[in-house]
Amino acid sequence: MAIDQGTTSTRSILFDHGGQLVAVAQLEHHQYFPKPGWLEHDAEEIWRNVDKVVNRVLGDVGATATDIAAVGIANQRETIVIWERKTGKPVRRAIVWQDTRTDAMVEEMLRAPGAEQIPQLSGLPLSSYFSAPKLRWMLDETPGLRERAQRGEVLFGTMESWLIWNLTGGPDGGAHVTDVTNASRTMLMNIRTLEWDSHLLDFFGIPEAILPEIRGSLETYGTGRGPLQGVPIAAALGDQQAALFGQTCFSAGEAKCTYGTGSFLLLNTGTELVASTHGLLTTVAYQIAGEPAHYALEGSIAITGSLVQWFRDGLGLIGSAAEIETLARTVDDNGGCYIVPAFYGLFAPHWRPEARGVIAGLTSYITKGHLARAVLESTGWQTREVLDAMNADSSLRLKALKVDGGMTSDNLLMQFVADVLDVPVVRPMVAETVSLGAGYAAGLAVGYWSDLEGLRRNWHLAAEWLPEMDEERRESEFRNWTYAVQLTLDWTSKVGNATTRVKSR
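Residues numbered from 1 in each chain as written. Predicted model: local features only at pLDDT ≥ 70, side-chain atom pairs only at ≥ 80, totals over all residues. Heavy atoms only, no water.

Engineer: Help me understand the sheet that holds strand β13 (residues 255-259), please; the structure alone is not making it clear to me.
Structural biologist: Spatial ordering of the open sheet is given by β15-β16-β14-β13-β19-β20-β21, a layout of seven strands whose pairing is mixed. Each edge of the sheet is formed by a strand with only one pairing partner; in this case those strands are β15 (281-286) and β21 (461-465). Each neighbouring strand pair of the sheet contributes to a mean axis angle of 30°, computed without reference to strand direction. When β13 meets strand β19 (residues 401-404), the two strands line up parallel, connected through four bridges. The residue of β19 that forms the bridge with Lys256 is Lys402. Of the strands in this sheet, β13, β14 (263-270), β16 (294-301) and β19 touch helix α12 (residues 368-393), which is tilted by about 145° from β16. (Pairing = 2+ DSSP bridges. Helix = DSSP H or I, 4+ residues; strand = E, 2+ residues; numbered from the N terminus. Axes fitted to C-alpha atoms, helices over the stretch in contact; angles between N-to-C directions. Contact = heavy atoms within 4.5 Å.)

See below:
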């Protein structure tokens, strides 16, 4: 069984020995937007939904706990929750990874002594995207919480910690643990030692008493209670690392990209830690208990599928997301138009929070068909930027890109990705790679599957796109894209200065 706790919903999926989906149950949870830039979840609602989807998926196939070999968890990363040790009640709503309330705090931190050490120690740039600033904000802004944390009365975790604690008993002996992949997203773990780092804790002002124990990704953390009574809770992976595992990218040089609301390209670098100097994240890919950790370079792209949603809901130019491919095919090219969707700044490889989106190259020739094509092409160009950064950071060269996620149903987009990357793009038969990765990890941990090669044999090709674009056109259009990206930079500071000048006159 995989429990896939995502940003908008939670799913429970059963897989058989061939890696085929047997049954699935899913429930959405509420999104809270208390202030502009803020996004919160009710952790108790999410836990109730886990209980419901587990019961539903078992009921759908007439199974009980005795039929389940193990449970693996995949989760939205960087989202944080703090709860009371004795009661299991969250002290306030969870702060979601997309939340930007700590932007001003991070700006101050960037000027503080020791800020330059953060990337070296954690593998991550100092950004509000990660967990540590959110945790610091919660401790600072919740009366009495820091003192309670220092006394060990409350517990911190990302979502897999919250679920494992509840699944294994909660206040009655629940395991307070996190796995290395999720810990590597907090900015509090030393990326080399795989332990909480005293320098990072001091910099962010985090009491160690609140933190979970760091464990491997594939090992038994405890056994389930309730509907999962006695079932080993045997794996946990951040969702993108779970997708890498589900795509069976077990060797250095293998990569996957998940195309969803945003997109995440991960390149397995093996047991070698590659420190990025080109705007990528160094993260833990997975760790099997008793073995060295495998690392990955990650490129996080903020806006891909959500740009299509904006094109549909914000502009009203299509009635459904699927229509964008049909509209884009009404023209032969983008007509010289480029859309850079820096709605919340630019993520990898730029990390420019002040950037804002632009539509460049507009002329009276441009139609909504050209705009539709530019929307899709922006995802391809952003992927190209990330892959170029990976090639600059590492001697590994991609032979093929494994893809998954909702956007991979768009054949025009996938062909464009293959064209601009100049490598084959391949999609597997099982599209639920995040859940599959969590299931694979749990099954491997308890011997349901014997080894990694057995999992590789379960991977079957569903679709393949081969590059067709000639090099001259590819590089010419990439230069145009690069010009468009430059227009987005420093936007908020430029606009703010211009407004100040106008007012002063």
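Engineer: What am I meant to see in unusual backbone geometry here?
Structural biologist: Excluding glycine, residues mostly carry a negative phi; peptide bonds, for their part, are mostly trans. Note the cis peptide between Ala348 and Pro349, where omega equals -5°. Counting through the fold element by element, Pro349 comes out in the loop between β17 (338-340) and β18 (358-360).

Engineer: Explanation requested: the pattern of salt bridges in the structure shown.
Structural biologist: For side chains bearing opposite charge, pairing can occur when the charged atoms are close. This structure, assessed with the given rule, holds 29 salt bridges. Close ionic contact of Asp313 with Arg312 constitutes a salt bridge, the shortest N to O distance being 2.6 Å. Overall, Asp313 belongs to the exposed group, its relative accessible area being 55%. A relative accessible area of 25% places Arg312 in the partly exposed class. A salt bridge links Asp422 to Arg474; the shortest N-O distance between them is 3.6 Å. Note that Asp422 is positioned in the loop between α13 (411-421) and β20 (425-428) and Arg474 in helix α16 (residues 471-488), a separation of 52 residues in sequence. (Salt bridge = Lys/Arg side-chain N within 4 Å of Asp/Glu carboxyl O. Buried < 20%, exposed > 50% of the residue type's maximum accessible area, 1.4 Å probe, protein only.)

Engineer: Please clarify how the environment of Ala285 should be interpreted in this entry.
Structural biologist: With respect to the element layout, Ala285 can be found in strand β15. Owing to a relative accessible area of 0%, Ala285 belongs among the buried residues under this scheme.

Engineer: How do you make sense of the packing of aromatic side chains when you look at a structure like this?
Structural biologist: The description of an aromatic ring pair uses the distance of the two centres, along with the angle that the planes make with each other. Tallied over the entire structure, the rule returns 19 aromatic pairs. Arranged with centres 6.3 Å apart and planes meeting at 40°, the rings of Phe130 and Trp351 form a pair that is tilted. Linking Phe130 in the loop between α3 (118-122) and α4 (131-141) with Trp351 in the loop between β17 and β18, this pair joins segments that are 221 residues apart in sequence. Judged by centre distance (5.3 Å) and plane angle (15°), the ring pair of Phe347 and Trp351 falls under stacked. In terms of burial, Phe347 and Trp351 fall into one category: buried. (Phe/Tyr/Trp six-rings, centres within 6.5 Å; stacked < 30°, edge-to-face > 60°.)

Engineer: How should I be thinking about the nonpolar core in this particular structure?
Structural biologist: Nonpolar side chains in soluble globular proteins tend to end up buried together. Within the largest apolar cluster, 140 residues are counted, with the highest numbers of intra-cluster contacts made by Leu135, Phe204, Ile210, Phe245 and Leu401. No other element matches the 10 residues that α12 contributes to this core. Listed in part, the 35 residues of the second largest apolar core include Ala23, Ile46, Ala65 and Ala94. (Core = buried A, V, L, I, M, F, W, Y, C linked by side-chain atoms within 4.5 Å.)

Engineer: What's the story with the sheet that holds strand β3 (residues 21-28) in this structure? I'm lost.
Structural biologist: What holds strands together in a sheet is hydrogen bonding between their backbones, with the strands either parallel or antiparallel. Strands sit in the order β3-β2-β1-β5-β12-β11 across an open sheet of six strands; the sheet is mixed. With partners counted over all chains shown, the strands left at the sheet margins are β3 and β11 (218-223), one partner each. Averaged over all pairs of adjacent strands, the angle between strand axes in this sheet comes to 25°, irrespective of strand direction. In the sheet, strand β2 (residues 9-15) pairs with β3 via seven bridges, with the strands oriented antiparallel. By the bridge assignment for β3, Ser9 is matched with Glu28. Against the sheet, helix α1 (residues 43-61) touches β1 (2-5), β2 and β3, its axis set at about 150° to β3.

Engineer: It is not clear to me how the environment of Gln240 should be interpreted in this structure. Could you clarify?
Structural biologist: In this structure, Gln240 sits in helix α9 (residues 239-246). Expressed as a C-alpha distance, the spacing of Gln240 and Leu266, which sit 26 residues apart in the sequence, is 7.7 Å. In this structure Gln240 touches Arg77, Lys256, Thr258, Phe264 and Leu266, once residues within four positions along its chain are discounted.

Engineer: Could you clarify how one ought to interpret the state of the cysteines in this entry?
Structural biologist: Two cysteines whose sulfur atoms are joined by a covalent bond form what is called a disulfide. One pass over the structure, following the stated rule, counts zero disulfides. Unpaired in this structure, Cys249 has its nearest cysteine sulfur neighbour in Cys257, at a distance of 11 Å. Looking at Cys249, the relative accessible area reads 1%, which means it is buried. (Disulfide = S-S within 2.5 Å.)

Engineer: Honestly, α13 in this entry has me stumped. Any pointers?
Structural biologist: An α-helical turn contains 3.6 residues, so a residue and the one three or four places further along point in the same direction. Taking burial as the measure, the 11 residues of α13 include 10 buried ones, the bulk of the element. Within α13, burial applies to Leu412, Leu413, Met414, Gln415, Phe416, Val417, Ala418, Asp419, Val420 and Leu421. With a side-chain oxygen lying 3.1 Å from the backbone nitrogen of Leu412, the N-terminal cap of α13 falls on Asp410. Directly beyond the C-terminal end of α13, a positive phi value near 60° is found at Asp422. (Polar contact = N/O pair within 3.5 Å; in protein donor to acceptor, adjacent residues only side chain to side chain.)

Engineer: Help me out: how do you make sense of the side chain of Glu78 in this one?
Structural biologist: Looking at where Glu78 falls in the secondary structure, it is placed in the loop between β5 (71-75) and β6 (80-84). What makes Glu78 buried here is its relative accessible area of 2%. Only 2.7 Å separates the side chain of Glu78 from the side chain of Arg185, close enough to count as a polar contact.

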